[in-house]
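Spelled out from the first residue to the last, the chains are:
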Amino acid sequence: MKLWNDFCLRVRAFLFNSFLGSILLVNGLWIGSVRGQVPANARNWYFGNGAGITFNGGALQAVTNGQLRSMEGCASQSDANGQLLFYTDGSTIWNRNHEVMPGAVNLGGGSRSTQSALIVPYQNSSDQFYVFSVASSDQPAGIQYSIVSMNLNSGLGGLTVRNKPLLSPSSEKITTIYHCNNLNHWIITHELTTNAFRVYLLNDNGLILTPKVYNVGSVHQSLYRAGSPHRESKGYMKPSHDGKLLAVAVSDSVEGGFLELFDFDNQAGAISNARKLEVPATVGAYGLEFSPDNSLIYLSTLSSKKIYQIRVSDLAITATLTVQAQRNASPGVGALQIGPDGKLYGSQPGEDYLMAINQPNQVGAGCDLVSQAIYLGGRKALAGLPFNVDTIPRLLPKVNIELAKLGGCNNFLLSSKTQNLDVNYLSYQWYLNGTAVTGATSSTLKPEKSGTYLLKVREGKCADIHMTSTEELAVVLVEVNPTVTSIPDSCGQVRLNAQATGGTPQWTGPGINVANERLDSLIVSNVNGVQTYRVRVTSAEDASCFAEKDVTASFTRPSPFRFVTSTQTVCGDTLTLRATPNSDWDAFSWQLPDGRSLAGATLLARQNGQYTVTARSTKTGCMSRDSQMVTLNPYPKLQLTIHQIDTCFANANPISLDAGVLPDVVYSWLKAGRIIGTEQVLRVNDYGWYTINVRSSAGCQASDSVRVSANCPPTPPVAYVPDIFTPNRDGTNETLMVYSTGAESMTLTIFNRWGEPVYEGISETAVSAGWSTWDGTFKGQPVGTGLYVYRLAMKNSFYPAGFTRKGVIEVIR
């Protein structure tokens with residue numbers, strides 16, 4: 001015990017004298033190269049007894065203009081261009097001109113505190129920084145913070161907040177880890193005399209003063225205990241460079257020390273899973289640093305010239321590295337700090353050199369420790385080096401899947417392997433042939449069907465990351481899933497598909513023979529009724545592994561499809577043909593006389609000839625045909641020669657009523673219901689209504705009528721306007737015909753439902769024989785089916801003022 005106390009006193013005396021004494025300069029040369037892009041905000045370090053180095057300009061070199069004098073803790077900050085902004089020992093802040101920043105004194109940090117200062121940029125700002133000051137564990141001030149704004153004092157910086165208390169009492173440990181959003185920060189501290197970590201969030205609202213508290217790991221003892229000799233509570237606390245681990249070096253007794261490693265969740269700020277290394281090598285544990293790949297921890301002690309290389313996975317010491325003693329009495333090695341070049345640098349109290357580990361990812365002596373690596377230009381290193389805030393790298397995430405055969409029949413396991421994704425925040429979904437597998441939401445899956453599998457992973461940590469496995473894996477199980485399909489247009493034949501995987505199928509059942517029993521797909525015919533087929537597939541590697549299933553096939557042939565009659569004869573220019581669906585036939589197509597084909601159960605026939613329908617069964621695949629002969633007989637087109645609505649006797653002369661020449665018809669003139677003539681022309685000398693009926697040999701009829709008046713006084717013009725016409729391009733009733741009697745001129749206007757005129761026509765001559773007017777178009781385009789309003793204005797010499805007739809006509813397409 002006494003030897004340890006003496007050692008502690010020697011170390012303290014040496015560190016104190018190093019501030020005041022002068023050490024002879026030893027010229028040295030550091031040989032190496034800067035690897036990778038140097039982070040600009042960590043290019044200038046100020047530490048120890050006026051010592052400093054800069055990574056600007058390519059080759060690392062010493063700077064001797066620093067004003068900092070600190071036995072241990074220190075921090076430095078540069079801008080985005082690598083130019084110095086300010087540096088501090090936790091008590092005083094110096095600006096880039098090495099002048100004390102106004103008011104930045106007595107900030108609370110202790111020169112004998114391990115991590116007396118920490119600088120954290122606020123929200124990645126280049127103008128505003130939180131500066132945390134940590135007192136020695138024997139001082140009551142604990143941890144305080146101030147805020148530096150670089151917008152003050154002409155860009156040299158100044159304080160906007162000063163000496164705000166955070167935690168007291170506190171151990172000498174403080175560090176920061178980026179939040180997983182790479183914008184906010186977690187500030188991590190540790191209580192004194194307890195095992196409690198206090199984790200504060202620094203976000204866009206500033207420092208949240210209510211911490212998360214985690215009681216995990218060992219108690220950090222007080223610096224002094226009543227009735228006990230002087231006890232140290234020293235050592236660094238640092239995160240891994242990916243923000244997932246937290247390492248703590250503790251010298252918590254006069255005879256010992258230890259290293260503890262914790263898991264850190266940089267989304268929730270949670271600390272967990274303590275692992276402890278406490279062996280003789282950890283006595284006096286002080287400085288520590290992770291290798292760039294986070295696989296190793298380097299631990300220094302203030303009690304020996306040894307640096308221990310420790311494997312992170314199991315905290316096993318993989319190498320003991322010896323630091324060459326220099327010309328001072330320092331018994332140990334101080335802080336270890338990774339540089340922006342990826343190398344590790346270490347301080348030896350009182351030395352004018354920094355040591356370096358040039359290949360820190362290499363296990364063993366291959367890490368290349370150099371004791372005199374960086375000459376400090378005559379200035380002295382002491383125990384501390386400035387801590388650099390790591391930006392958590394955004395590495396490319398990746399998802400792989402693997403297939404393992406576990407033994408036995410159809411016993412496989414799909415498993416996932418992710419890279420650069422946090423497994424604590426992952427959700428999984430497996431897909432088979434592009435379709436999500438119900439309930440398959442674990443990192444592993446036992447496939448139940450053959451097919452191609454892939455995995456989609458979602459990380460809901462900070463960003464919402466969706467990833468799909470880089471490959472798809474085919475899984476082949478011994479299975480069979482038979483189907484039966486009727487072959488179209490081949491009534492009575494079916495196709496059997498085994499859909500077998502993992503082996504060769506074997507069929508049994510009617511119509512199966514040696515030639516086709518081992519086919520995966522085969523056609524069966526010449527079988528009647530409902531039949532059952534069995535298919536079995538057996539693994540070629542294991543005869544005890546097989547699958548078999550039955551399937552039913554129906555070979556029933558439906559009765560042929562037939563029309564009720566084979567011919568249809570009608571009067572008119574169209575006929576609707578119908579093929580009535582039933583339980584056997586549910587799909588139809590027609591062959592027209594002109595060779596065209598149309599699908600559907602009904603068809604509007606517009607021409608004479610044979611119409612053939614093909615009936616199909618979507619259930620059996622059967623097909624049947626039948627035909628109908630269609631004859632369309634047109635109605636006679638009856639026209640009276642003068643087609644008058646009214647006529648009269650003039651000068652007591654008889655009138656000839658002419659029905660016009662019509663082929664193959666029988667004429668019948670009627671008056672008062674009696675036939676009074678059977679010729680084309682009827683001479684009348686009596687007034688009244690006369691009707692002409694004509695009938696073709698096909699039985700198609702037409703009729704018209706005229707009224708004969710007793711005398712011919714001046715009469716107003718009259719007109720007949722049909723109430724329907726069909727401009728549907730069938731050659732019949734394509735144009736609206738207007739018939740009139742006594743009109744010498746007429747004007748016809750047609751309006752749509754909105755009152756907009758769509759047609760206007762004028763006739764300046766007598767139109768008793770029929771005036772062809774509107775063709776059913778507007779601006780060159782056919783109008784739609786519907787009702788239209790007309791206005792017909794008529795004049796003659798007896799009635800020059802004219803008469804107007806209004807009405808409605810219907811257009812049918």
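Refer to the preceding data block for the structure.
Please read all numbers here as calculations on a predicted model, not as lab measurements. (Residues numbered from 1 in each chain as written. Predicted model: local features only at pLDDT ≥ 70, side-chain atom pairs only at ≥ 80, totals over all residues. Heavy atoms only, no water.)

1. Quick look at the overall build of the chain
Move 1: Secondary structure summary: the chain contains one helix and 65 strands in total.
Move 2: Taking all 813 residues of the chain together, 50% fall into the buried category.
Move 3: The long-range fraction of contacts in the chain, counting pairs at least 24 apart against all pairs at least 6 apart in sequence, stands at 55%. (Helix = DSSP H or I, 4+ residues; strand = E, 2+ residues; numbered from the N terminus. Buried < 20%, exposed > 50% of the residue type's maximum accessible area, 1.4 Å probe, protein only. Contact = heavy atoms within 4.5 Å.)

2. Structural notes on the sheet that holds strand β59 (residues 745-751)
Move 1: On the basis of which strands lie adjacent, the open sheet formed by five strands has the order β57-β65-β64-β59-β60 and mixed pairing. Among the strands making up the open sheet, the edge pair consists of β57 (724-725) and β60 (757-763).
Move 2: Note: β59 against strand β64 (residues 786-795), seven bridges, orientation antiparallel. Bridge assignment links L748 to a residue of β64, and that residue is L792. (Pairing = 2+ DSSP bridges.)

3. What to know about the pattern of salt bridges
Move 1: Going through the model one piece at a time under the given rule, you end up with 15 salt bridges.
Move 2: Between E541 and K405 there is a salt bridge whose closest N-O contact spans 3.3 Å. In this pair, E541 is assigned in the loop between β40 (530-539) and β41 (546-554) and K405 in strand β28 (residues 398-405), connecting sequence segments 136 residues apart. We note that E541, like K405, is exposed.
Move 3: Between D594 and R596 there is a salt bridge, with its nearest N and O atoms 2.8 Å apart.
Move 4: The class for R596 is partly exposed, based on a relative accessible area of 44%. (Salt bridge = Lys/Arg side-chain N within 4 Å of Asp/Glu carboxyl O.)

4. A short note on the layout of surface pockets
Move 1: Of the pockets and cavities examined, the second largest pocket occupies roughly 750 Å³.
Move 2: In terms of lining, the second largest pocket is formed by 27 residues, of which the most central are K244, N420, D422, E459 and K461.
Move 3: Elements that contribute at least two residues to the lining of the second largest pocket include exactly β18 (256-265) and β19 (270-277).
Move 4: Broken down by element, the residue count for the lining of the second largest pocket peaks at three residues, all from β18. (1 Å grid on protein atoms, 1.4 Å probe; cavity = no way out; pocket = protein on both sides within 12 Å on 5 of 7 lines; lining within 4 Å. Points joined across faces, edges and corners; volume = space filled by probe spheres on them.)

5. Quick look at the side chain of S469
Move 1: Position of S469 among the secondary structure elements: in the loop between β34 (464-468) and β35 (473-475).
Move 2: Each residue touching S469, except ones within four places of it in the same chain, is listed here: V399, I401, L454 and L455.

6. What to know about the sheet that holds strand β37 (residues 494-497)
Move 1: With respect to topology, three strands assemble into an open sheet ordered β36-β37-β39, the strand pairing being antiparallel. The open sheet has two edge strands, β36 (483-486) and β39 (521-524), and neither has a second partner. On average, each strand axis in the sheet is tilted by 25° relative to the strand beside it, whichever way the strands run.
Move 2: The pairing of β36 with β37 spans four bridges and is antiparallel. Residue S486 lies in a different strand from β37, and its bridge partner there is V494. (Axes fitted to C-alpha atoms, helices over the stretch in contact; angles between N-to-C directions.)

7. Some points on the state of the cysteines
Move 1: Counting across every chain of the model gives three disulfides.
Move 2: Linked covalently through their sulfurs, C409 and C545 form a disulfide whose S-S length is 1.9 Å. The disulfide joining C409 to C545 has a torsion of about 60° about its S-S bond and is therefore right-handed. Here C409 is found in the loop between β28 and β29 (412-419), whereas its partner C545 is found in the loop between β40 and β41, with 136 residues between them in sequence.
Move 3: The disulfide partner of C571 is C700, and the S-S distance across this bridge is 1.9 Å. Residues C571 and C700 are joined by a disulfide whose S-S torsion is about -95°; by sign, that bridge is left-handed. Placement of C571 in strand β42 (residues 567-571) and of C700 in the loop between β54 (688-696) and β55 (701-709) is noted, with a sequence separation of 129 residues between them.
Move 4: The exposure class assigned to C700 is buried, which follows from its relative accessible area of 0%. (Disulfide = S-S within 2.5 Å.)

8. Some thoughts on the nonpolar core
Move 1: F47, I53 and I297 are the most contacted members of the largest nonpolar core, which has 42 residues in total.
Move 2: With four residues, strand β20 (residues 285-290) is the single largest residue contributor to this core.
Move 3: Among residues more than four places away in sequence, those in contact with I53 are R43, N44, W45, F47, L60, Q61, A62, V63, L354, I374 and L376.
Move 4: L166, Y178, W186 and Y214 belong to the second largest nonpolar core, which has 36 residues in total. (Core = buried A, V, L, I, M, F, W, Y, C linked by side-chain atoms within 4.5 Å.)

9. Overview of the pairing of strand β21 (residues 296-301)
Move 1: Taken across its six residues, β21 has six buried, putting it largely inside the fold.
Move 2: Across the two faces of β21 the burial is the same, with L296, Y298 and S300 and I297, L299 and T301 all buried.
Move 3: Pairing geometry for β20 and β21, over four bridges, is antiparallel. Within the sheet, the bridge partner assigned to L288 lies in β21 and is L299.
Move 4: Counting the residues between successive antiparallel strands, the hairpin from β20 to β21 contains five residues, one of them, N294, with a positive phi of roughly 65°.
Move 5: Where β21 lies against strand β22 (residues 306-311), five bridges are found, and the strand directions are antiparallel. Each bridged residue has a counterpart across the sheet, and for Y298 the counterpart in β22 is Q309.
Move 6: Remark: four residues form the turn of the hairpin made by β21 and β22, two consecutive strands paired antiparallel.

10. Considering the pairing of strand β13 (residues 196-203)
Move 1: Counting buried positions along β13 gives seven out of eight residues, so the element sits mostly inside the fold.
Move 2: The antiparallel pairing of strand β12 (residues 185-191) with β13 creates a hairpin that spans four residues between the two strands, and T193 there sits at a positive phi of about 70°.
Move 3: For β13 and strand β15 (residues 212-215), the ladder comprises four bridges, and the chain directions are antiparallel. In the strand pairing of β15, A196 is matched with N215.
Move 4: Strand direction decides the pairing type here: β13 and strand β14 (residues 206-207), joined by two bridges, are antiparallel. What sits directly across from L202, in β14, is L207.
Move 5: Counting the residues in the hairpin turn of β13 and β14 gives two residues.

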